[in-house]
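Single-letter residue listing:
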Amino acid sequence: MRDANGTSRCFGFVNFQNPDAVAAAVENLNGTSLTDDKVLYVGRAQRKSERDAELRAKFEQESSRFEKLQGANRYLKNLDDSINDEKLKDLFFEFGNITSCKVMLDAQGANKGSGFVAFSNPEEATRALNAMNGKMIGQKSLYVAVAQRKEERRAHLQVLFLHCTIS
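Residues numbered from 1 in each chain as written. Predicted model: local features only at pLDDT ≥ 70, side-chain atom pairs only at ≥ 80, totals over all residues. Heavy atoms only, no water.

## Quick look at the layout of surface pockets
- Volume-wise, the largest pocket comes out at about 880 Å³.
- The wall of the largest pocket is formed by 23 residues, among which Gly 12, Phe 13, Tyr 41, Val 42 and Gly 43 lie closest to the centre.
- For the lining of the largest pocket, the secondary structure elements donating two or more residues are α1 (19-29) and β2 (38-39).
- Residue composition of the lining of the largest pocket, by class: 15 nonpolar, five polar and three charged. (1 Å grid on protein atoms, 1.4 Å probe; cavity = no way out; pocket = protein on both sides within 12 Å on 5 of 7 lines; lining within 4 Å. Points joined across faces, edges and corners; volume = space filled by probe spheres on them. Helix = DSSP H or I, 4+ residues; strand = E, 2+ residues; numbered from the N terminus. Nonpolar A, V, L, I, M, F, W, Y, C, P; charged D, E, K, R; others polar.)

Here is the structure:
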């Protein structure tokens, strides 16, 4: 589709005679990259209202999943240099079902001394925090806390700082 000036509107339509060709096009092309910043969406043509409703439902599903898992992710620092992803998982497996586990690495692939462990629910993550915070792992005392997004952590610290200066 192009506008009155002939400029691409970044979408188009293709009609197929064979339903199998439609399924193949969706399967093989949806999500593929055209350029570094352009990804194809290939699917059934929809009215704007249908697409909006689908996107809203998807957003609500992701939001509820995020809320359910909020509090199930733990931030770790002061990790011993010998710890890698597998050893980290071994340290925390006894507290519950680990959904992801990552030691942060520098550009050379060396342990930066921090990482994350995510559990399937907040109760497991709380058990891990209570049992592992301050525990000696190798030559270091492990620090375990609730993982926060950068914005959340910054806002929390600003509130604490403001409260400390007022008191």
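## A short note on the packing of aromatic side chains
- Evaluated as defined, the whole model comprises three aromatic pairs.
- The interplanar angle of 55° and the centroid separation of 5.5 Å between the aromatic rings of Tyr 75 and Phe 116 together place this pair among those described as tilted. With a gap of 41 residues between them, Tyr 75 in strand β3 (residues 73-77) and Phe 116 in strand β5 (residues 111-119) connect regions that are remote in the sequence.
- Between Arg 51 and the ring centre of Tyr 41, over which it is positioned, the NZ or CZ distance is 4.4 Å.
- The side chain of Lys 77 reaches across the aromatic face of Tyr 143, ending 4.9 Å from its centre. (Phe/Tyr/Trp six-rings, centres within 6.5 Å; stacked < 30°, edge-to-face > 60°. Lys NZ or Arg CZ within 6 Å of the ring centre and 35° of its normal.)

## Description of the pattern of salt bridges
- Going through the model one piece at a time under the given rule, you end up with five salt bridges.
- In this structure, Glu 50 engages Arg 44 in a salt bridge whose closest nitrogen and oxygen atoms are separated by 3.4 Å.
- The exposure class of Arg 44 is exposed, given its relative accessible area of 55%.
- Residues Glu 54 and Arg 51 are paired through a salt bridge, measuring 3.1 Å at the closest nitrogen-oxygen approach. Pair noted here: Glu 54 and Arg 51 are both in helix α2 (residues 48-69), with a separation of three residues, about one helical turn.
- Given the relative accessible area of 38%, Glu 54 is considered partly exposed.
- With relative accessibility at 26%, the residue Arg 51 sits in the partly exposed group. (Salt bridge = Lys/Arg side-chain N within 4 Å of Asp/Glu carboxyl O. Buried < 20%, exposed > 50% of the residue type's maximum accessible area, 1.4 Å probe, protein only.)

## Overview of the nonpolar core
- Grouped together as the largest cluster of nonpolar side chains are 17 residues, with contacts concentrated most on Leu 76, Leu 88, Phe 92, Val 117, Phe 119 and Leu 142.
- Elements with a minimum of two residues in this core: α3 (85-92), β4 (98-105), β5 and α4 (122-132).
- Those residues within four positions of Leu 76 in sequence are excluded, and the remaining contacts are Leu 88, Phe 92, Gly 113, Ser 114, Gly 115, Val 117, Leu 142, Tyr 143 and Val 144. (Core = buried A, V, L, I, M, F, W, Y, C linked by side-chain atoms within 4.5 Å. Contact = heavy atoms within 4.5 Å.)

## Digging into α4
- Buried within α4 we find Glu 124, Ala 125, Ala 128 and Met 132. Viewed along the axis of α4, the buried residues span an arc of 100°, placing them on a single side of the element. Exposed residues lying more than 90 degrees from the buried face of α4 are Glu 123 and Asn 130.
- On the buried face of α4, the contacting elements are β3, α3, β5, β6 (136-137) and β8 (143-146).
- One side-chain oxygen at the N-terminal end of α4 lies 3.0 Å from the backbone nitrogen of Glu 123; it belongs to Asn 121.
- Following α4 by one or two positions, Gly 134 has its phi on the positive side, about 90°. (Arc of directions from axis to C-beta. Polar contact = N/O pair within 3.5 Å; in protein donor to acceptor, adjacent residues only side chain to side chain.)

## Topic: the side chain of Glu 124
- For Glu 124, the position within the fold is in helix α4.
- Buried and unpaired, Glu 124 has no salt bridge, with Arg 127 as the nearest side chain of opposite charge at 4.6 Å.
- Apart from residues no more than four positions distant in its own chain, Glu 124 is found in contact with Phe 95, Gly 96, Asn 97 and Phe 119. (Lys, Arg positive; Asp, Glu negative; His and termini not counted.)

## Side note on the environment of Arg 9
- Turning to its location among the elements, Arg 9 is positioned in the segment before α1.
- It is 43 Å that separates the C-alpha atoms of Arg 9 and Val 103, two residues lying 94 residues apart in sequence.
- When neighbours within four sequence positions are excluded, Arg 9 is seen to be in contact with Met 1, Arg 2 and Asp 3.

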